[in-house]
Amino acid sequence: GCVLVVSVIEQLAQWHNSTVKAAMERLCNYIPGKYQIIHHIIDREMNADVVCHSLKLCKQDPGQPLCHLYPPPKVRKHSPGLFYALAHAGQKRQIKSFMGFSSVCAFPLLANLCEKIKYVIRNKLPFEDFDRDKFSTFPTLRGYHWRGRDCNDKNTTVYPGRRPDNWDVKSDSNCNGIWGVDPKDGIPYEEKFCKGADSQGVVLLGDSAGAHFHIPPEWMTVTQMSAKSFANLPMAFTDELDWPQFSEITGFLNSTIGGWTDSLYLRLRRRNRCNHRDLQNISQNGMLTAHLSFSLARNQLLDNPAIVIYATIGNDVCNGNRDTLAHMTTPKEMLSNVVQALRYLDSHLPNGSHVILTGLVDGRFLWDNLHDRYHPLGQLNRDITYSQLYSFLDCLQVSPCSGWLTPNETLRNLTSERALQLSNVLKEIARSEKFANFDIFYMDFPLRQTAEEWHKMGGEPWQLIEPVDGFHPSQIAAALGTSITWQKALHEWPQVLGKENPFNDQIEAIFKDQGGH
């Protein structure tokens with residue numbers, strides 16, 4: 001974190017030909033809110049690694065390698081190089097230590113917000129939910145960016161996805177915007193338009209890819225940086241740096257982070273307007289199959305069936321450990337974890353639901369298409385490639401995937417081999433296991449088809465990867481993945497998608513003012 005911030009400050013000073021102090025003030029003016037930042041003098045000749053070690057925000061543990069993002073600084077002849085620079089930079093510049101600030105949550109203004117974020121990460125439930133029905137009228141902190149928006153947060157029997165109460169004659173009990181009685185014939189609109197329409201919701205159980213992790217590149221690309229660059233910072237922070245409202249499975253808003261939004265939910269809604277707002281994204285950054293704890297909001301007796309996408313596409317082989325292979329999920333563990341999760345779903349999903357198991361991605365795509373390209377931090381001076389970033393994160397043991405984000409081709413191949421083994425476990429589960437309340441299907445993660453489709457559109461493979469972390473699928477990849485998944489379902493599992501509602505146009509005409517998310 002320190003290296004990132006100091007890098008941006010130094011590059012802002014360079015780009016605007018200003019002092020470092022002026023660059024820090026500029027950055028503080030860009031960031032919304034009135035958070036006070038302690039100012040320290042940074043010499044432009046000291047790169048971010050040197051500054052952060054001298055502040056003791058970065059350190060070298062005994063017996064561990066020295067982690068640095070930038071090439072070692074040029075030092076005078078016969079000096080011990082980077083070690084000397086790091087050891088003495090703080091003394092030379094009389095920079096005070098930051099040892100007391102071990103956590104950003106130590107700042108009083110952030111302490112309350114941090115507690116809220118810890119709550120939602122721990123429980124994967126909305127923080128603002130007055131009737132405790134697991135749906136909210138607040139967008140972030142696991143609110144309606146993650147689940148369909150509640151239309152009455154004071155009534156626990158009113159929420160998206162339930163079957164209508166008495167055909168919603170007097171009020172909208174399922175928040176799909178359809179309620180009341182047609183004055184022409186006295187038939188409730190819900191009964192007229194939605195009865196027998198195969199209404200169903202969509203639920204995602206996933207990891208950071210499903211949550212749609214994204215760090216805006218303009219936050220660290222000084223040539224594009226302005227006050228507008230950080231306007232979305234509070235929202236991003238309270239959504240855990242995830243953007244589920246634009247995601248492949250549950251996206252519903254027009255993308256503001258590049259590309260376009262296309263999602264399984266939007267297509268189901270287009271197919272049947274009665275499905276409005278019936279979505280749940282129960283994903284979490286770093287989620288493994290063994291850690292799937294469910295906050296599913298589904299009542300077997302009162303609610304509509306659901307399509308559940310079970311997609312932990314990488315974390316079972318991805319970790320930041322030096323001995324990464326030893327910490328990967330084994331096929332035996334995968335079988336146990338997934339079957340346990342499916343039994344949970346069978347006890348909670350209404351009859352007639354569907355579950356789709358998604359295979360793991362082949363992450364060799366990442367190194368092959370990014371390693372020699374410049375990261376956003378390195379574009380100004382052409383001094384940081386993704387290979388350098390991956391090595392830096394791996395040295396710190398915080399790499400999102402030591403097995404794939406490495407120059408070691410053998411390790412990359414072994415990681416993909418394990419991923420294929422785990423995908424085969426999922427495939428066998430879909431073939432052999434039977435459950436009372438849902439049928440079960442398997443599909444490979446459509447990376448190859450996505451890359452081929454993007455190539456036909458004139459795109460480059462690297463554009464399918466998030467530019468800042470160099471790891472997650474980009475907005476373009478998410479949208480293209482939706483199209484491929486939908487076409488597969490239409491041709492191979494048409495029963496999963498339900499039939500098209502012939503009354504969609506009438507519903508939109510009558511309830512157009514109540515269709516907002």
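Rules behind the numbers
Residues numbered from 1 in each chain as written. Predicted model: local features only at pLDDT ≥ 70, side-chain atom pairs only at ≥ 80, totals over all residues. Heavy atoms only, no water. Buried < 20%, exposed > 50% of the residue type's maximum accessible area, 1.4 Å probe, protein only. Helix = DSSP H or I, 4+ residues; strand = E, 2+ residues; numbered from the N terminus. Pairing = 2+ DSSP bridges. 1 Å grid on protein atoms, 1.4 Å probe; cavity = no way out; pocket = protein on both sides within 12 Å on 5 of 7 lines; lining within 4 Å. Points joined across faces, edges and corners; volume = space filled by probe spheres on them. Nonpolar A, V, L, I, M, F, W, Y, C, P; charged D, E, K, R; others polar. Polar contact = N/O pair within 3.5 Å; in protein donor to acceptor, adjacent residues only side chain to side chain. Salt bridge = Lys/Arg side-chain N within 4 Å of Asp/Glu carboxyl O. Arc of directions from axis to C-beta. Contact = heavy atoms within 4.5 Å. Axes fitted to C-alpha atoms, helices over the stretch in contact; angles between N-to-C directions. Disulfide = S-S within 2.5 Å.

The protein has the name Acyloxyacyl hydrolase in an unreviewed UniProt entry, where Eudyptula minor novaehollandiae is given as its organism.

Visitor: For the pairing of strand 5 (residues 438-443), give the residues involved together with the corresponding values.
Guide: Of all 6 residues making up strand 5, 5 are buried, and the element is well covered by its neighbours. Pairing between strand 4 (residues 353-358) and strand 5: 6 bridges, direction parallel. Bridging across to strand 5, His 354 finds its partner in Asp 439.

Visitor: Let's hear about empty space enclosed by the protein: which residues, and what values?
Guide: One simple way to see leftover space: roll a probe sized like a water molecule over the atoms. Scanning all chains against the criterion turns up 3 cavities of 30 Å³ or more. What the largest cavity holds in volume is close to 320 Å³. What lines the largest cavity is a set of 26 residues, among which Ile 313, Val 361, Phe 445, Phe 471 and Pro 473 lie closest to the centre. Those elements giving two or more residues to the lining of the largest cavity turn out to be helix 7 (208-211), helix 11 (364-370), helix 14 (447-456) and helix 15 (475-492). In terms of residue count, the dominant contributor to the lining of the largest cavity is helix 15 (3 residues). Split into classes, the residues belonging to the lining of the largest cavity amount to 16 nonpolar, 7 polar and 3 charged. A volume near 260 Å³ is recorded for the second largest cavity. Residue lining of the second largest cavity: 19 residues in total, with Glu 248, Ile 249, Ala 311, Ile 313 and Phe 445 positioned closest to the centre. Along the lines of polarity and charge, the residues of the lining of the second largest cavity split into 12 nonpolar, 5 polar and 2 charged.

Visitor: I'd love a proper account of the environment of Asp 469, names of residues and values included.
Guide: One can find Asp 469 in the loop between helix 14 and helix 15. Given the relative accessible area of 12%, Asp 469 is considered buried. In this structure, the C-alpha to C-alpha distance between Asp 469 and Pro 400, residues 69 residues apart in sequence, is 8.7 Å. A distance of 2.9 Å separates a polar atom in the side chain of Asp 469 from the backbone nitrogen of His 472.

Visitor: Help me get a handle on unusual backbone geometry, residues and values and all.
Guide: Although it is not a glycine, Asp 168 sits at a positive phi angle of roughly 50 degrees. Assignment of secondary structure puts Asp 168 in the loop between helix 5 (108-123) and helix 6 (189-194). Backbone geometry at His 212 places phi at a positive 70 degrees, although glycine is not the residue there. Turning to its location among the elements, His 212 is positioned in the loop between helix 7 and helix 8 (233-238).

Visitor: Outline the pattern of salt bridges, supporting the account with residue identities and numerical values.
Guide: Throughout the structure, instances matching the rule amount to 12 salt bridges. Across the pair Glu 508 and Arg 273 runs a salt bridge, and its minimum N-O distance is 3.0 Å. Of this pair, Glu 508 sits in helix 17 (residues 504-511) while Arg 273 sits in the loop between helix 9 (264-271) and strand 2 (279-283); the two residues are 235 residues apart in sequence, bridging distant segments of the chain. Classification of Arg 273 as buried rests on a relative accessible area of 1%. One salt bridge in this structure joins Arg 431 and Glu 428, with 2.6 Å as the shortest N-O distance. Of this pair, Arg 431 and Glu 428 are both found in helix 13 (residues 409-432), 3 residues apart, which corresponds to roughly one turn of the helix. Overall, the relative accessible area of 57% leaves Arg 431 in the exposed class. Overlapping salt bridges, with partners in common, bring together Asp 182, Asp 185 and Lys 192 in one network.

Visitor: For helix 2 (residues 20-30), give the residues involved together with the corresponding values.
Guide: Those residues of helix 2 that sit buried are Val 20, Ala 23, Met 24, Leu 27 and Tyr 30. Here the buried residues of helix 2 occupy an arc of 120 degrees about the axis, which is enough to place them on one side. Set apart from the buried face of helix 2 by more than 90 degrees, the exposed residues are Lys 21 and Asn 29. On its buried face, helix 2 is in contact with helix 1 (2-15).

Visitor: Can you explain the sheet that holds strand 5? Please cite residues and give values.
Guide: Taken together, the 5 strands give an open sheet; going across it, the order is 2-1-3-4-5, and neighbouring strands pair in parallel fashion. Because the sheet does not close on itself, it has two edges, and the strands there are strand 2 and strand 5. The sheet shows a mean angle of 15 degrees between the axes of neighbouring strands, direction not considered. Where helix 9 meets the sheet, its contacts fall on strand 1 (201-206), strand 2 and strand 3 (306-311), and the angle it forms with strand 1 comes to roughly 170 degrees.

Visitor: Please provide a residue-by-residue account of the side chain of Asn 437, values included.
Guide: With respect to the helices and strands, the residue Asn 437 is situated in the loop between helix 13 and strand 5. The buried category is assigned to Asn 437, whose relative accessible area is 15%. Residues within four places of Asn 437 in sequence aside, it is in contact with Gln 300, Asp 346, Leu 349, Pro 350, Asn 351, Gly 352 and Ser 353.

Visitor: Describe the state of the cysteines, listing the residues and the values that go with them.
Guide: All told, the structure shown has 5 disulfides when counted by the stated rule. Between the sulfur of Cys 2 and that of Cys 52 lies a disulfide, 2.0 Å long from S to S. Judged by the sign of its S-S torsion, about -90 degrees, the bond between Cys 2 and Cys 52 is left-handed. In this pair, Cys 2 sits in helix 1 while Cys 52 sits in helix 3 (residues 48-54), placing the two residues 50 residues apart along the sequence. Judged by its relative accessible area of 0%, Cys 52 falls in the buried class. Cys 58 takes part in no disulfide bond, and the closest cysteine sulfur to it belongs to Cys 52, at a distance of 4.6 Å.

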